[in-house]
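So you can see what is in the structure, the chains are spelled out below.
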Amino acid sequence: MSHSTDESVSDRSGEPVLCIRRLHKRFAPKGGPPVEALQDVSLDVRCGEVVGLVGPDGAGKTTLLRIATGLLVPDSGTATVLELDSVRDTLQIRGRIAYMPQKFGLYEDLTVQENLDLYADLQGVEPAARASRYARLLEMTQLETCADRLAGRLSGGMKQKLGLACALIKIPELLLLDEPTVGVDPVSRRELWRIVYQMVEQEAIGVLVATAYLDEAEKCHRVVVLHEGRKLDEGAPTQFRERVRGHTFVVQPRQGARPRAIQGRLAGQPGIIDATIRGGRVRVVTHERDRAAVARAIPAGLAAGIAAAEPTLEDAFMKLLADARSSRSHADLPAAPARMAFETHPRQAEPEIERGAAAGGAVHTRGLTKRFGDFTAVSEISFDVQRGEIFGLLGPNGAGKSTTFRMLCGLSRVSGGEVRVAGRDLRRAGSFARQRLGYMAQQFSLYGQLSVIENLRFFGRAYGLTKARLAERIEWALEEFDLRSHRDATAGKLPGGYKQRLAMAAAMLHEPDILFLDEPTSGVDPLARRDFWRRINSFAESGVTVVVTTHFMEEAEYCDRMLIMSQGRELATGTPGEIRALARTASHPDPTIEDAFIALAEGAAQPRGTGGSP
Amino acid sequence: MGPTLIRITTLVVKEFLAIMKDPKSRIVVIGPPIIQFFVFGYAATFDLNNVRYAVLDEDRSAESRELLSRFQASPTFRLVGQLDSGRQIGDLIDRQGARLVLRIPQTFSRDLQAGRPAQIQVIADGRNSNVASVALGYANAIVARYNAERGGAFSGSAAGAAGPALQLVNRAWFNSNLQSRWFIISALGGLIAMIVVLLLSGLSVSREREFGTFDQLLVAPFRSGEILVAKALPPMACGMLDALLLAAAAVLWFGVPFRGSLPALVVALSVFIVCVVGVGLFISSLSSTMQQSLLGSFIFIMPNVILSGFTTPIENMPRWLQLGTLINPLRYIVTACRNVFLQGGTLGTIWPQLWPMAAIAAVTLAAATWLFRHRTA
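Quick notes on the rules
- Residues numbered from 1 in each chain as written.
- Chains lettered and ligands numbered in written order.
- Predicted model: local features only at pLDDT ≥ 70, side-chain atom pairs only at ≥ 80, totals over all residues.
- Core = buried A, V, L, I, M, F, W, Y, C linked by C-beta atoms within 7 Å.
- Buried ≥ 20, exposed ≤ 12 C-beta atoms within 10 Å, placed from the backbone.
- Helix = DSSP H or I, 4+ residues; strand = E, 2+ residues; numbered from the N terminus.
- Contact = placed C-beta atoms within 7 Å.
- Pairing = 2+ DSSP bridges.
- Axes fitted to C-alpha atoms, helices over the stretch in contact; angles between N-to-C directions.
- Parallel < 35°, antiparallel > 145°, perpendicular 65-115°, else oblique.
- Left-handed = near helix turned anticlockwise from the far one by under 90°.
- Nonpolar A, V, L, I, M, F, W, Y, C, P; charged D, E, K, R; others polar.

1. Some points on the nonpolar core
Of all hydrophobic cores here, the largest spans 249 residues; its most connected members are L502, F516 and V546 of chain A. Top element by residues in this core is helix α7 (residues 180–211) of chain B. It accounts for 18 residues. Beyond its immediate sequence surroundings of up to four residues, V546 of chain A is in contact with I390, F391, L515, L517, I536, F539 and A540 of chain A. Grouped together as the second largest cluster of nonpolar side chains are 18 residues, V51, F77, L92 and V101 of chain B included.

2. Some points on the pairing of strand β3 (residues 50–54) of chain A
All names here are of chain A. The buried fraction of β3 amounts to 5 of the 5 residues, a majority that puts the element mostly inside the structure. Where β3 lies against strand β8 (residues 206–211), 5 bridges are found, and the strand directions are parallel. Along β8, the bridge assignment pairs V51 with L208. Here 4 bridges tie β3 to strand β9 (residues 222–227), and the two strands are oriented parallel to one another. In the strand pairing of β9, G52 is matched with V223.

3. Brief notes about the packing of α7 of chain B against helix α13 (residues 329–343) of chain B
Residue and element names in this part refer to chain B. Packing of α7 against α13 brings their axes to within 8 Å, and their N-to-C directions diverge by 135 degrees. The orientation of α7 relative to α13 falls into the category oblique. Viewed along their axes, α7 and α13 form a crossing whose handedness is right-handed. In contact with W182, S186, A187, G189, G190, L191 and M194 of α7, α13 contributes L330, I333, V334, C337, R338, F341 and L342. Tallied by class, residues from the contact of α7 with α13 come to 10 nonpolar, 3 polar and 1 charged.

4. Considering the packing of helix α15 (residues 452–462) of chain A against helix α17 (residues 496–508) of chain A
The geometry of a pair of packed helices is captured by two quantities: the angle between their axes and the separation between those axes. Residues and elements named next belong to chain A. Axis separation between α15 and α17 bottoms out at 9 Å; the angle between their running directions is 25 degrees. Relative to α17, α15 is oriented roughly parallel. As α15 runs across α17, the sense of the crossing is right-handed. Listed contacts from α17 to V452, N455, L456 and F459 of α15 are L502, A505 and A506. Here the residues of the contact of α15 with α17 sort into 6 nonpolar, 1 polar and no charged.

5. With respect to the environment of D518 of chain A
All names here are of chain A. For D518, the position within the fold is in strand β20 (residues 514–518). When the 23 C-beta atoms within 10 Å are taken as the criterion, D518 is described as buried. Between the C-alpha atoms of D518 and F458, which are 60 residues apart in sequence, the distance is 21 Å. Excluding its chain neighbours within four sequence positions, the residues that come into contact with D518 are S402, F405, M440, A441, Q442 and T549.

6. Describing the interface of chain A and chain B
Taken together, the 23 residues of chain A in the interface contact 21 residues of chain B. Contributions of two or more residues to the side of chain A that touches chain B are made by β19 (437–440) and α15 of chain A. Here the element with the most residues in the side of chain A that touches chain B is α15 of chain A; it accounts for 4 residues. Broken down by class, the residue content of the side of chain A that touches chain B amounts to 12 nonpolar, 7 polar and 4 charged.

7. A closer look at the sheet that holds strand β5 (residues 84–85) of chain A
Residues and elements named next belong to chain A. Taken in spatial order, the 4 strands make up an open sheet running β2-β1-β4-β5, and their pairing is antiparallel. Each having just a single partner strand, β2 (35–46) and β5 make up the two edges of the open sheet. Inspection of the sheet shows strand β1 (residues 16–27) paired to strand β4 (residues 76–81) by 5 bridges, in the antiparallel sense. Its bridge partner being in β4, H24 is matched across the sheet by S76. Sitting on the sheet, helix α2 (residues 61–69) touches β1, β2 and β4, and the angle it makes with β1 is about 120 degrees.

8. So, the environment of R99 of chain B
Residues and elements named next belong to chain B. Relative to the elements of secondary structure, R99 occurs in the loop between α4 (87–94) and β3 (100–104). Of the residues examined, R99 has 25 C-beta atoms within 10 Å and is grouped as buried. Sequence separation between R99 and I30 is 69 residues, and the spatial gap between their C-alpha atoms is 39 Å. Excluding residues that lie within four positions of it along the chain, R99 makes contacts with V51, R52, Y53, A124, D125, V131 and A135.

Keep in mind that these numbers describe shape and distance, not what the molecule does.
As structure tokens, then:
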């Protein structure tokens, strides 16, 4: 079902810089079934063109990029780069292309300038040409003032920009980017893309970018959708969007009704492919062009109205994947909708902690401050989280989210102010106070050498579960998080989405009252992110308090309330509706949370620190 | 089981799984003991065997053949050539064709028969002074025995050729053949235990830091003491197991005698291992990556081995350095192991080694606990 894309590029004088023809690649991991990483994939990238490679985890995006660079040899098929064969002429190709892997090899103990020098040496850039090139790259990446800083001291977004600058040290003819904006805040993301498009316009280079962010893919000239090693579809973003026109709706909640309640009802219903919260409304994608299916699925009294929505690439992507999955056996549908009904298990009574929680909310901070030497990482943060609330800590990398988070969990000493979790200071309270806490660290911290079941057993016992209760909870986790098929797999070798689910299962085993999640969706594809939020929702419905950090601004919509941070300070606190309202202007009547964040960060909107209780 | 015990058991099981499933840690447990055992058992020996020597016999008499046959019969020496002239000696030694050259002058048999002192010349390659002096010592011994027998044979008839007034009778206790393999292997258990315990405990905290699982432990309801105990036990068990296996192998494979009491050995090793695990956990608490802790461990191991008396005697070191060895736990376990193996030591006889190790253990454990709490707080 590949669509010709000639009409979208025929006006380009661009000649192909990358031709991939019928590529096959199979990996045979030790002790596992072989994986078909790529099957019969063909695509072209032309001069002056940005092609987006999108697909869920394990779709084969990285494999394809690595074959194009000559780092991997395909089983069959060819990758022709600048009319050179990727297997035979690898060395010649390397001098003319740039490749930025997911984790770019910056030398953290060298300064920004020394990193640039090093890559200039490696790429053999003429000494005479360097000064002007450096100046231009530093200006493009806005790192001029940081040239003497150690790369290891840069924030995540700045590191990524420096990585891109190093990759672009010599103007390449083809630029290959592998998920360049994972873990990067919205402001830096926009800047990264601005740099890439600047290169494309001025130097007419070709770009192939693998990304899990569909709003980024939307800006590409052409998009190739990969799924489980096969090319599902290809075309200009507009072509994708037109195909789902009539399948997309927005549901306006009735006054006082929570959008999350509607979204929760819709997600997983037959005929409904996707339901997400955007801008305080619920966005729905349906199998058929059938508005009635949406109306039927919403209980009376929740929705004020259902309107047709302008389709996005993300809508099209979700439908493509749903179609691809339903065309195969239903047995391997990963997200079985029936699991929506979350078991509301009887909670063990902990009257003392319950009372404490009732008195001061689940989490309570006043003037929370953290200083590292002269540097103030977190300054005077105050907020309260009520029981059963989903509370988001939002902000770019380096804003102080993680530091705040670590102080809440008692992992980091407080320099000033107070913090109470379930009425206690976790640093002073004994280890038993941590019993009611669930914690999921940023990088899905699991024991990589241990199997799934061994990890679960360890974390269960760590929280005092034994014998029958432990067995019961492990069964629950394997079922709820869809891990049964990987029960004995080594945790370190699981694909990203599974790791995230295992980490969450480990954090939920002991039925915590408060769940702390640090960047739980970083580097996870859109499908897995939806799954994740669906679970978080149902946990919150059953009374679990959730504190979550994220740099995905659209995920803020799933939170009941949020605190937006930047440079260690509070920019704003409030419900998604209140935050959006901060950026509402006459020219922009319907801003998203991301718009609001950028407006707040750039000072265009007035920060409104409501602090404290809602 | 109380909750504390359950939590420690849970952690210990996890630590063992991690050690056994992590290829790096697995190699630490299995690799060094086997390599060290064979390297030290076979290669590291001060005994000389097969000293290559050449002969320049200018006398070619019955007497000279008699003397030379004794060299040939000795397992220490191996004849590599007969020389014809003195000019060949220099060349042979220069190209390391032989370590020793025996030169027997023409006058040898004549002098002997005349009852005059006869001379033979031994030229040694002094570039390796240790080998040369040991080889010369062996040569001296052979000549001395030859003298003694001749003296006995002729003392009745030849006037004035009485036996020597003083005769030294050597008798080495504990190691009657003075095999240096006994000396090395008997103390090897201590060295192995140190390497295994130090590397494993050194990796234990930093591995979790590197993989980000350490925070996960800290937010779970574990007390820091429980984590520390659980981190210490598995390396200690592995170290003890390796050391005891090695002791058994020393007896069964190399025939080193085990004359002392097994409980004494186990107690000495236990106290020593506690010393080392404190150091390992200290290093691990300090490091944020596995690489750092490996480096830290090796920095600790190298000088400790040299200053332990394991290969070179502490008495040969300058006074100030000798004082430094007093805080080296390896020094005490090396002494204690040799005492138990060769000297038939018991708990009573190794007490002078036990209490300093216990004192050092108290210091290292306290330091590790302090740093662990400090760095995680």
